[in-house]
Amino acid sequence: DGARWRAFDLPNRQTVRAVSIGPGDLVFCGGFAEFGYWKTDATGQRAYNSLSRQVSSKRLGKEEIWHIFQGQGHVFFQSFSALYEYDFQSVTELSPPGAVMFGTEVGGQIWVPVIGKGLYELRAGGTFQLVPGTEVLKDKIVQFLVPNGVGGVWAGTTNSGIFEVQGGQCRAWESPLNEVFKKHQLN
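Residues numbered from 1 in each chain as written. Predicted model: local features only at pLDDT ≥ 70, side-chain atom pairs only at ≥ 80, totals over all residues. Heavy atoms only, no water.

Caption draft 1: Spotlight on the pattern of salt bridges. Applying the stated rule across the entire model yields 7 salt bridges. For Arg-13, the salt bridge goes to Asp-9, with nearest N and O atoms at 2.5 Å. In this structure Arg-13 comes out as exposed when scored by relative accessible area, which is 63%. For Asp-9, a relative accessible area of 39% corresponds to the partly exposed category. (Salt bridge = Lys/Arg side-chain N within 4 Å of Asp/Glu carboxyl O. Buried < 20%, exposed > 50% of the residue type's maximum accessible area, 1.4 Å probe, protein only.)

Here it is as structure tokens:
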């Protein structure tokens, strides 16, 4: 409240691994086998609403929700093997084509780096499609995706520098600074 600190625990006191501020007064969070949101109730107190209870998959019971991002008017709770999409009504479990790192919205599209395969875009119906030209990233760990300001995307990797994805091609960013990024891990 700006003057005092107060701790908020998940239902089974799991360690909170991810937090994201939502619209209004919603605070999304996730941890081991649990995700949901905090909302101020009628008494002015924060009340927790579990969304993971809507998921019937046994996979969630063995996973950490370690990343939360928002895009296309939805909230995505991410583990290494799944995305759980919340449309403010219900939760849908999405299965990408492999282990994922740091999904995000870029230019109105949801992209997820799939380890060992490249970048994938989430399509209608919960399917994933390889972003053309990004196979070059299959042996790299993509740490972030951001717009490059001219209609493309920069894909920052841990030890291989930054790549530019644009027009169906993916190539190393042409900047002297990229040599520095190749020598020092981006995280």
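Caption draft 2: Representation of the sheet that holds strand β12 (residues 128-130) in the model. In spatial order, the strands read β9-β10-β11-β12; together these 4 strands make up an open sheet with antiparallel pairing. In this open sheet, the two edge strands, each paired with only one partner strand, are β9 (104-106) and β12. Adjacent strand axes in the sheet meet at a mean angle of 40°, parallel and antiparallel pairs treated alike. The pairing of β9 with strand β10 (residues 109-114) spans 3 bridges and is classified as antiparallel. (Pairing = 2+ DSSP bridges. Helix = DSSP H or I, 4+ residues; strand = E, 2+ residues; numbered from the N terminus. Axes fitted to C-alpha atoms, helices over the stretch in contact; angles between N-to-C directions.)

Caption draft 3: How the structure looks around the side chain of Asn-178. Considering the arrangement of structural elements, one finds Asn-178 in helix α1 (residues 176-183). Take Asn-178: its relative accessible area is 1%, and that puts it in the buried class. The residues touching Asn-178, leaving out its near neighbours within four places in the chain, are Gly-161, Ile-162, Ala-172 and Trp-173. (Contact = heavy atoms within 4.5 Å.)

Caption draft 4: Representation of the pairing of strand β13 (residues 142-147). Bridge count between β13 and strand β14 (residues 153-157): 5 bridges; the pairing is antiparallel. Bridging from a neighbouring strand, Phe-144 pairs with Gly-156 of β14. Hairpin connection between β13 and β14: a loop of 5 residues separates the two successive antiparallel strands, and Gly-149 in this loop has a positive phi of roughly 90°.

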